[in-house]
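# Breakdown of the fold
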Amino acid sequence: MPFSQRIPVEALLRRGIPAADIIATGRDIAGIKDLADRGITVRRADFADTDGLAEAFAGAERLLLISASVPVGERVAHHRRVIDAAASAGVSLVAYTSTTHADTATTVISATHSDTEAYLRDRGIPSVLLRNGWYLENYTSQLPQILQNGAVVGAAGEGRISAASRADYAEAAAVVLTAEGHTGAVYELGGDESFTLSELAAAISAGAGKQVTYADLPVADFAQVLASAGLPAELAEVLADADRGMNRGEMYTDSGDLRRLIGRPPVTLAEALSDALHY
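The structure displayed is predicted, hence computed values, not measured ones.

Once that is clear, we can look at the sheet that holds strand S7 (residues 186–189). As summarised here, the arrangement of the four strands in space is S3-S4-S5-S7, forming an open sheet in which the pairing is parallel. The open sheet is flanked by strand S3 (62–66) and S7, the only strands paired with a single partner. If you compare each strand with its neighbour and ignore which way they point, the axes differ by 20° on average. For S3 and strand S4 (residues 93–99), the ladder comprises five bridges, and the chain directions are parallel. Opposite Ile66, over in S4, you have Thr97 as the bridge partner. Contacting S3 and S4, helix H4 (residues 72–88) crosses the sheet at an angle of about 175° to S3.

Okay, empty space enclosed by the protein next. Counted under the stated rule, the structure contains one cavity of 30 Å³ or more. One number sums up the size of the largest cavity: a volume of about 80 Å³. As for the largest cavity, its lining consists of Thr99, Thr100, Ala105, Thr107, Ile109, Ser110, Ala242, Gly245, Glu250 and Met251. Listed by contribution, the elements that provide at least two residues to the lining of the largest cavity are helix H5 (108–123) and helix H11 (233–247). Of the residues in the lining of the largest cavity, the class split is four nonpolar, five polar and one charged.

Its location among the elements puts Ala45 in the loop between strand S2 (41–44) and helix H3 (50–56). Overall, Ala45 belongs to the buried group, its relative accessible area being 5%. As for Ala45 and Ala151, which are separated by 106 residues in sequence, their C-alpha atoms are 40 Å apart. Residues contacting Ala45, with those up to four places away along its chain left out, are Thr25, Gly26, Arg27, Leu53 and Ala56.

Tallied over the entire structure, the rule returns 17 salt bridges. A salt bridge links Glu199 to Arg160, with the shortest nitrogen-to-oxygen separation between them at 2.8 Å. Here the residue Glu199 occupies a position in helix H9 (residues 197–208), and Arg160 occupies one in the loop between strand S6 (151–154) and helix H8 (166–178), the gap between them amounting to 39 residues. Look at Glu199 and you get partly exposed, because its relative accessible area is 35%. With a relative accessible area of 30%, Arg160 lands in the partly exposed category. The closest approach of N and O atoms between Asp241 and Arg244, which form a salt bridge, is 2.8 Å. Residue Asp241 and its partner Arg244 are located together in helix H11, separated by three residues, close to a single helical turn. Judged by its relative accessible area of 25%, Arg244 is partly exposed. Among the charged side chains, a salt-bridge network with shared partners connects Asp103, Glu117, Arg131 and Glu188.

About the thresholds
Residues numbered from 1 in each chain as written. Predicted model: local features only at pLDDT ≥ 70, side-chain atom pairs only at ≥ 80, totals over all residues. Heavy atoms only, no water. Pairing = 2+ DSSP bridges. Helix = DSSP H or I, 4+ residues; strand = E, 2+ residues; numbered from the N terminus. Axes fitted to C-alpha atoms, helices over the stretch in contact; angles between N-to-C directions. Contact = heavy atoms within 4.5 Å. 1 Å grid on protein atoms, 1.4 Å probe; cavity = no way out; pocket = protein on both sides within 12 Å on 5 of 7 lines; lining within 4 Å. Points joined across faces, edges and corners; volume = space filled by probe spheres on them. Nonpolar A, V, L, I, M, F, W, Y, C, P; charged D, E, K, R; others polar. Buried < 20%, exposed > 50% of the residue type's maximum accessible area, 1.4 Å probe, protein only. Salt bridge = Lys/Arg side-chain N within 4 Å of Asp/Glu carboxyl O.

These figures capture arrangement, not role.
Okay, here's the thing in structure tokens:
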């Protein structure tokens, strides 16, 4: 589930930033017309359009670069264009949504984040790295299928996952964009209470009153399951590879950075499941 621009915009508004001081961008501005109706400047920004990016960032002081939701092989090139455009526009700070342990993790996804972090350093733009962990919504959005099948399916073994909500990650981004003292920081962000996929299945069972088990598969088999469910083959392989990284502990952090940034405990798995099950 993507980390859309809408959620950080709402977080900025909650922190008291006037709508007139916010620029929201997207490939399809019709989809964010409601933000314009609220007084927010809305501009078209396509990560593949270098000239358009320069126009989109004109006058911006600080920029949140949300990692591109395009095929993995295209992401770094997209990110570099955004970073170049930000430099040309004179942006004073770029906050980038990376992934946990991007500098040491072994997954395909982490490699794109590591390369982007390196490019930010090479360009010399003041930056903040928001190494977001997995999203709780990645699991809560699957609850209907999980309950129907009676199983959480994955390839993460007993690896622990420090997931948090998109809203909490967005609030952390709003904090670093609106407060001083974060330039150059690297934040490993995740929930305070980690869990394995076996524990996820048990928590769903308890919340839904229906037995759910965890089916742990080899990575290749999990990719086939995802592809058979309708995901493009490349995306299925990337997601299965992410589970492989989870098995290695690459989505676990006990840094406490997210709690400290947002000033409260992040939403827990139990809370997220309760909200989703009783929505």
